[in-house]
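Structural features, examined
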Amino acid sequence: MQIDVAVLIGRFQPFHNGHATLLQLALETAEEVVVILGSSFHARSTKNPFTWQERADMINATLSPADRDRVSYIAVRDYYDDARWSAAIRGKVVRHFPYAKRIALIGHFKDASSYYLNRFPQWQLVAAEQLLAIDATVIRRVLFEAEDMRVSLDVIAHYLPLSIRQYLKAWSILPHYAVLVKEHAELLAYHESWKPAPYAPMFVTLDAVVKAAGHVLLVQRGGFPGKGLWALPGGFLDQNERLFQGAIRELFEETNLAVLASTLEHSLVDVKVFDHPGRSLRGRTITHAHFFDLQTEHLPDIRAADDAAQAAWVSIEKLEGMEEVFFDDHFHILDQFLNLTASEN
């Protein structure tokens, strides 16, 4: 059966020889190929250091001019919701290729993370039988612990196409690389501090979504991880407090919001739990987000304190354009309460 379009889904952080094998299979399967670039529109992190444009450039650099003309790219955000994520991909592919009747999904069942391949029963699955075992996590770790980038890239040369090694060497000169190296070191130290624990730690945190006069209250993080990124006021639950008390305490500690606790209690609209295992690079972190709608026409006074470098009232209209400067999944928490991306669905 002739295939109209072959779809390849991945994060490609970075694009390596295993990915290149799958892309070649896609090119052999159909005349047109679309690469779905996952984890897009996110702030740079040690897990997702490259923007979707950089990843598209990387992949293009490995292709001949003729094959480059056959490959297109679609950027997709993380929704931390499998059903919504797969529906978004299907919708984008259909809109991009409205004429396509026969669509193939290219993939490889590497490990438990490959479960997403089963979420597209409408498409014919073309699975690669055997691939070189490559862990992109190891590649990123080498990049961020490199004392000499040229030597480090030589160590992992068998994992990466030559053009990708050249790209990474040039990319490591850019200013954001040094920030990610620092972030990586801080996260390693954070995880090391929990090694004596008898079991893998699980953290409970609280976040506050406070709405007033068409604005939302945000803080800018003062330290790693996520230094300089925007976030919801929040933090870790203390041993002797309930969830609501912790959310109020963290909100006041970070923003000095000039509102009575009793006013906040009456303004509570909803509480949602966000428990995706990959939502935070700090480890298994389950947060309880409390949505407060003050329903006022003025913005209460605020002043940053504790570990917040800055506190600010931000217009809800501006939030969607800030997606790439939010910490962890905080943009998606806001999206759950405020429907920021509803127009795209």
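On a predicted model such as this, the values are computed, not experimentally measured, just so you know.

The rules we used
Residues numbered from 1 in each chain as written. Predicted model: local features only at pLDDT ≥ 70, side-chain atom pairs only at ≥ 80, totals over all residues. Heavy atoms only, no water. Phe/Tyr/Trp six-rings, centres within 6.5 Å; stacked < 30°, edge-to-face > 60°. Buried < 20%, exposed > 50% of the residue type's maximum accessible area, 1.4 Å probe, protein only. Lys NZ or Arg CZ within 6 Å of the ring centre and 35° of its normal. Helix = DSSP H or I, 4+ residues; strand = E, 2+ residues; numbered from the N terminus. Contact = heavy atoms within 4.5 Å. Pairing = 2+ DSSP bridges. Axes fitted to C-alpha atoms, helices over the stretch in contact; angles between N-to-C directions. pLDDT = per-residue confidence, 0-100. Left-handed = near helix turned anticlockwise from the far one by under 90°. Nonpolar A, V, L, I, M, F, W, Y, C, P; charged D, E, K, R; others polar. Expected span 1.5 Å × (residues − 1).

**Re the packing of aromatic side chains**
- All chains considered together, the criterion is met by 15 aromatic pairs.
- Considering the side-chain rings of F120 and W123, the 5.0 Å spacing of their centres and the 10 degrees angle between planes classify their relative orientation as stacked. With respect to class, F120 is no different from W123; both count as buried.
- What links up through ring pairs into an aromatic cluster is the set F50, F144, W171 and Y177.
- In this arrangement the basic side chain of R221 is found over the ring face of F327, its NZ or CZ atom lying 4.0 Å from the centre.

**Topic: the environment of L153**
- By the element assignment, L153 lies in helix α6 (residues 149-155).
- On the accessibility criterion, L153 (3% relative accessible area) is buried.
- Note: C-alpha distance between L153 and A6 (147 residues apart in sequence) is 31 Å.
- The residues contacting L153, other than those within four sequence positions of it, are L143, L160, R165, L168 and K169.

**As for the sheet that holds strand β2 (residues 30-40)**
- Strand order in this open sheet of five strands is β3-β2-β1-β4-β5, and the pairing throughout is parallel. Every interior strand has two partners, whereas the edge strands, β3 (71-77) and β5 (124-127), have only one. Averaged over all pairs of adjacent strands, the angle between their axes in this sheet comes to 30 degrees, without regard to strand direction.
- Here strand β1 (residues 3-10) runs beside β2; their pairing, made up of seven bridges, is parallel. The partner of A6 across the bridge, within β2, is V33.
- Seen against the sheet, helix α1 (residues 17-29) touches β1, β2, β3, β4 (103-107) and β5 and runs at an angle of roughly 145 degrees to β2.
- Along the sheet face, helix α2 (residues 52-61) touches β1, β2 and β3 and points at about 145 degrees away from the line of β2.

**Re the side chain of S315**
- Along the chain, the position of S315 falls in strand β12 (residues 308-315).
- Setting aside chain neighbours within four positions, we find S315 in contact with G214 and H215.

**Re the confidence of the model for the protein**
- When pLDDT is averaged across the protein, the result is 93; 98% of the residues are at 70 or more.
- Element-level pLDDT for the protein is lowest in α6, with a mean of 84, against a maximum mean of 98 in α2.

**Considering helix α7 (residues 162-171)**
- Within α7 the residues assigned to the buried category are S163, I164, R165, L168 and W171.
- Close packing links the buried residues of α7 with α2, α5 (136-144), α6 and α8 (175-193).

**What about the side chain of E183?**
- Along the chain, E183 turns up in helix α8.
- When neighbours within four sequence positions are excluded, E183 is seen to be in contact with T46, F224, P225, G226 and K227.

**Overview of the packing of α2 against α7**
- One way to put it is that α2 packs onto α7 with a least axis distance of 8 Å and a crossing angle of 145 degrees. Considering the relative orientation of α2 and α7, their crossing is right-handed. Contacts between α2 and α7 involve E54, D57, M58 and A61 from the former and S163, I164, Y167 and W171 from the latter.
- Of the residues that constitute the contact of α2 with α7, the class distribution is five nonpolar, one polar and two charged.

**Things to note about α1**
- Taking 1.5 Å of rise per residue, the 13 residues of α1 would be expected to cover 18 Å, and the 18 Å separating its terminal C-alpha atoms lies within 8% of that figure.
- Of all the residues in α1, the buried ones are G18, H19, L22, L23, A26 and L27.
- On its buried face, α1 sits against β1, β2, α2, α3 (65-68), β3 and β4.

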